[in-house]
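Here is how the chains run, residue by residue.
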Amino acid sequence: MIKQPRVVPLETPDNSSDSSDSENEEGKEIQVEFEARSPEGEDYQGIKRLLQQLFLRSSVVDTGRIAESVLAQRGIGSVIKQSLPDHLDEATEESNEVYAISTVLNLADKTKESVAGLRRFLLEQTAKGNDRQVLKYVTDLLAGRVGFLLNERFINIPAQITVPLLETLVLEMRKARDRNLPYDFEYYIIICKLYKPKNLAGAAAGNQACIFSNPEEELFVSEGELCIDYDVSSETNLDSSSNWTEGVDMTPWRRIVVFKAEKLDSLIRSIRESFPHSGQPQT
């Protein structure tokens, strides 16, 4: 069954103005229409690019294989692409760009090379903490019904887009379970991208000191059964000294978060309340 594209109107920062207008244009927003669609073959490179910004230079995770697995899942997951105006008959390079991906992979499917690499990666990152109890927990977890949740997007795409994507994913998984497909999970694992102050990059850096690339993912952390942080500053070419915190040097990290599947519906509600659309009051 082919998913009908749904228009998702969003306000995004306008980065098109030149420097001479920067003061007057600061904070200006433009209305851009996006569509949520089922992933298709033409989205392979775009999905792979989003996966690469999560896994960076990992030699264990094959982002190409994961993208193939995402595309092979019929009726599960969505990509966000720019809506094509009616007067354009052919898609442009810009309209073919994948701006976001939301999907889940069954980590029990060890026969797939993509899943085997993910499992190995998660166990290796866990083992680096030198905590046998935590390693046993993750090993036992991967022996059960656990899904790997992908929630990736371009940095200028706002958090509000997460709500319809996750709502759609929950519905799709429910329909898949009705067809006896293996999407009945007890737990989810998600990897969050975050930054920590350089001088507090270790255990001393609590959530208050962290900046999440996808701000809604801090809500996943609040419901997490387990969080594992690992430093990726050696794997990225990005300048870690961003001025997000008034000159404080920031280093890039990743956080593996395990949370119960039953929490997903309430997390979606929390995201909706915490990141309302423009003009929508917070509750």
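Cut-offs applied
- Within every chain, residues take consecutive numbers counted from 1 along the sequence as written.
- Local features are withheld for residues below a pLDDT of 70 in this predicted model, meaning they are given only at 70 or higher, and side-chain atom pairs are given and counted only at 80 or more; totals for whole chains, interfaces and linings count all residues.
- Hydrogens and waters are ignored; side-chain quantities use all the structure's heavy atoms.
- Helix and strand assignments come from DSSP, with helices taken as H or I runs of at least 4 residues and strands as E runs of at least 2, each series counted from the N terminus.
- Only protein chains enter the area calculation, which uses a 1.4 Å probe; residues under 20% of their type maximum are buried, those over 50% are exposed, and those in between are partly exposed.
- The contact rule is simple, with two residues in contact once any of their heavy atoms fall within 4.5 Å.
- Between N or O atoms, a polar contact is any pair within 3.5 Å; within protein, one atom must be a potential hydrogen donor and the other a potential acceptor, and residues adjacent in sequence are included only when both atoms are from side chains.
- The term nonpolar core refers to a set of buried residues drawn from Ala, Val, Leu, Ile, Met, Phe, Trp, Tyr and Cys, joined through side-chain atoms within 4.5 Å.
- In this scheme, strands are said to pair when DSSP sees at least two bridges between them.
- Counted as salt bridges are all cases of a side-chain nitrogen of Lys or Arg within 4 Å of a carboxyl oxygen of Asp or Glu.

Caption draft 1: Examining the overall build of the protein more closely. Assigned secondary structure in the protein consists of 8 helices and 9 strands. Residues classed as buried in the protein amount to 45% of the 283 residues present. In the protein, of all internal contacts separated by at least 6 residues, the share reaching a separation of at least 24 is 75%.

Caption draft 2: Highlighting the side chain of T162. Along the chain, the position of T162 falls in helix α6 (residues 162-178). At 3.5 Å, the side chain of T162 and the side chain of R153 are in polar contact. With residues up to four places along the chain from it excluded, the contact list for T162 reads N151, R153, E216 and I271.

Caption draft 3: The nonpolar core, seen in detail. Counting 34 residues, the largest nonpolar core has I47, F55, I66, L107, F148, I189 and I191 as its most contacted members. Beyond its immediate stretch of four places on either side in the chain, I66 contacts L51, F55, V61, L105, S114, L118 and L150. Counting 27 residues, the second largest nonpolar core, distinct from the first, contains C210, F220, W253 and I268.

Caption draft 4: Just the pairing of strand β9 (residues 250-260), in detail. The buried fraction of β9 amounts to 10 of the 11 residues, a majority that puts the element mostly inside the structure. As paired elements, strand β6 (residues 187-197) and β9 share 11 bridges and run antiparallel to each other. Bridge pairing in β9 places C192 opposite R255.

Caption draft 5: Broad picture of unusual backbone geometry. At L56, a position not held by glycine, the phi torsion is positive, near 55 degrees. With respect to the helices and strands, L56 occurs in the loop between α2 (44-55) and α3 (63-72). Backbone geometry at N180 places phi at a positive 60 degrees, although glycine is not the residue there. In this structure, N180 sits in the loop between α6 and β6.

Caption draft 6: Representation of the pattern of salt bridges. A complete count under the given rule lists 17 salt bridges for this structure. A salt bridge links D43 to K81; its shortest N-O distance comes to 2.8 Å. Of this pair, D43 sits in the loop between β2 (29-37) and α2 while K81 is found in strand β3 (residues 78-82), placing the two residues 38 residues apart along the sequence. Assigned by exposure class, D43 and K81 land together as buried. Of the charged contacts in the structure, one is a salt bridge between E113 and R65, with a shortest N-O distance of 3.4 Å. In this pair, E113 sits in helix α4 (residues 113-127) while R65 sits in helix α3, placing the two residues 48 residues apart along the sequence. Taking the relative accessible area as the measure of exposure, R65 reaches 36% and is therefore partly exposed. Each of E42, D43 and K81 takes part in a single network of salt bridges with overlapping partners.

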